[in-house]
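Close look at the chain arrangement
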Amino acid sequence: MNLEELTAKYISVAEQVFNILELNPTPITLTKEKLANILRWAMDYLEDAKYYKSQGKLETSLTSIAYCEGILDALKLIGAVKFEWPTTRPEEK
């Protein structure tokens, strides 16, 4: 699958989900165990991104790190974690 097809696939799937998703009653409970599990998913995506980068599969690497960042951003938005994205890369310091 080329990059254009892969992008179209992800866009289509996201659009489908937006059309069918249902909101849960709020407030929801986010236990420490649930939060730890979600953070493990984010870390797994980070590790996947590094692996696929090392294999030269940059599209898959970028997708994986975008998933990781999305999870971290969502957790930040709901107030489950606190952090600021660095404004410079480590090699720029």
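As a reminder, the structure under discussion sits directly above these lines.
A brief look at the structure comes next. Note that the structure is predicted; figures quoted are calculated from it, not measured.

1. Examining the packing of aromatic side chains
If you walk through the whole model with that rule in mind, you get five aromatic pairs. Pairing Tyr10 with Tyr67 gives two aromatic rings, centres 6.2 Å apart and planes at 90°, and the pair type is edge-to-face. Of this pair, Tyr10 sits in helix 1 (residues 3-20) while Tyr67 sits in helix 3 (residues 58-77), and the two are 57 residues apart along the sequence. Assessed through its relative accessible area of 35%, Tyr67 is described here as partly exposed. For the pair Tyr51 and Tyr52, a centre-to-centre distance of 5.2 Å together with 70° between the ring planes defines the contact as edge-to-face. Through successive ring pairs, a cluster of aromatic residues spans Tyr10, Trp41, Tyr45 and Tyr67.

2. Some details on the pattern of salt bridges
Close approach of charged atoms allows side chains of opposite charge to pair. Going through the model one piece at a time under the given rule, you end up with two salt bridges. Put simply, Lys50 and Glu47 hold a salt bridge, and the shortest N to O gap is 3.1 Å. Separated by three residues within a single helix, Lys50 and Glu47 lie in helix 2 (residues 32-54), roughly one turn from each other. Lys50 sits in the partly exposed class, given a relative accessible area of 47%. Residue Glu84 is joined to Lys76 by a salt bridge in which the shortest nitrogen-to-oxygen separation is 3.4 Å. Since its relative accessible area comes to 66%, Glu84 is described here as exposed. We classify Lys76 as partly exposed; its relative accessible area is 27%.

Conventions we followed
Residues numbered from 1 in each chain as written. Predicted model: local features only at pLDDT ≥ 70, side-chain atom pairs only at ≥ 80, totals over all residues. Heavy atoms only, no water. Phe/Tyr/Trp six-rings, centres within 6.5 Å; stacked < 30°, edge-to-face > 60°. Helix = DSSP H or I, 4+ residues; strand = E, 2+ residues; numbered from the N terminus. Buried < 20%, exposed > 50% of the residue type's maximum accessible area, 1.4 Å probe, protein only. Salt bridge = Lys/Arg side-chain N within 4 Å of Asp/Glu carboxyl O.

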